[in-house]
Amino acid sequence: MLIAKSIDYYYEGATPLFLNVTFSMREGEIIGLMGKSGSGKTTFAKILAGYEQPNNGAISIKQKKGNAHPVQLIWQHPEQAVNPKWRIKKILGEAGQIDQRMLNLFKIKKEWLDRFPLQLSGGELQRVCIVRCLLANPSYIIADEMTTMLDPISQVSIWETLLQIVKERQIGMLIISHDKLLLRRLCKKILTFDQLVH
Ligand SMILES: Nc1ncnc2c1ncn2[C@@H]1O[C@H](COP(=O)(O)OP(=O)(O)OP(=O)(O)O)[C@@H](O)[C@H]1O
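Residues numbered from 1 in each chain as written. Predicted model: local features only at pLDDT ≥ 70, side-chain atom pairs only at ≥ 80, totals over all residues. Heavy atoms only, no water.

S.K.: Can you break down the nonpolar core residue by residue, with the values?
M.R.: The tendency in soluble globular proteins is for nonpolar side chains to be buried side by side. Phe106, Leu134, Trp159, Leu162 and Met173 are the most contacted members of the largest nonpolar core, which has 39 residues in total. Contributions of two or more residues to this core are made by β3 (30–34), α2 (88–95), α3 (100–105), α4 (122–135), β6 (140–144), α5 (152–169), β7 (172–176) and α6 (180–186). A total of eight residues in this core trace back to one element, the largest contributor, which is α4. Apart from residues no more than four positions distant in its own chain, Leu134 is found in contact with Met102, Phe106, Ile141, Leu162, Ile165, Arg169 and Ile171. In this structure, Phe44, Ala45, Leu48 and Leu191 belong to the second largest nonpolar core, which totals 24 residues. (Core = buried A, V, L, I, M, F, W, Y, C linked by side-chain atoms within 4.5 Å. Buried < 20%, exposed > 50% of the residue type's maximum accessible area, 1.4 Å probe, protein only. Helix = DSSP H or I, 4+ residues; strand = E, 2+ residues; numbered from the N terminus. Contact = heavy atoms within 4.5 Å.)

S.K.: Help me get a handle on α2, residues and values and all.
M.R.: Residues Ile88, Ile91 and Leu92 constitute the buried set of α2. For α2, the angular spread of buried residues about the axis comes to 90°, placing them on one side. Where α2 is buried, its residues contact α3 and α4. (Arc of directions from axis to C-beta.)

S.K.: Residue-level account of the sheet that holds strand β2 (residues 18–25), with values.
M.R.: Reading across the sheet, the three strands line up as β2-β1-β4 and stay open at both edges, with antiparallel pairing between neighbours. If you trace the sheet from one side to the other, it starts and ends with β2 and β4 (56–61), each paired once. Here the average twist between neighbouring strands, direction ignored, is 15°. One ladder, built from five bridges, connects strand β1 (residues 2–9) with β2; its direction is antiparallel. Among the inter-strand pairings, Ile7 is bridged to a residue of β2, identified as Val21. (Pairing = 2+ DSSP bridges. Axes fitted to C-alpha atoms, helices over the stretch in contact; angles between N-to-C directions.)

Worth remembering: the numbers are spatial, not functional.
Next comes the structure, spelled out in structure tokens:
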């Protein structure tokens, strides 16, 4: 179980972005999160994944599988999520042992492994980032506008593959999106960020 209890957060010098946010997710659960632009969804995702510390409140995560953080984030802009000076092989290898089945599932070609991130398209690089996330063997994944910049056919194919693995491994998944139809298709439970404020 991932539990965020009474989280407050403010960026330095700014008024509080949010106060008293409470959220929980079980492993294997798939939850959609919507909310006004600028309300703090991405910031909250960073807190859950350990990139930011809350000003008040606590995060507790029951299960830890390995050395990597048990909550892994997949960002909207993959080019900002990787070291541009590292070849794809190194980017993936840092997360865990490169697994050929994963490369096949996400249609990652062997020749890409020797390229740098800017030598892949946005969609290709996003698939690399998804595989990197899975190689870290997370208990929870947060996908923050993960497929917003992809064409509809690629979106469907990526979500089908990722959800198959998420279900196989009973990973908990929080999907942040403004796309109501996408969330309705993927999630039984859809929350708005306002509903998390208690
Ligand atoms: N590093 C930062 N320093 C100061 N303010 C920031 C920083 N990062 C984000 N903010 C501000 O915090 C607020 C919340 O941003 P955040 O990205 O968490 O919102 P969001 O709900 O994910 O928005 P969107 O739906 O548009 O992606 C915004 O007003 C943003 O300008």
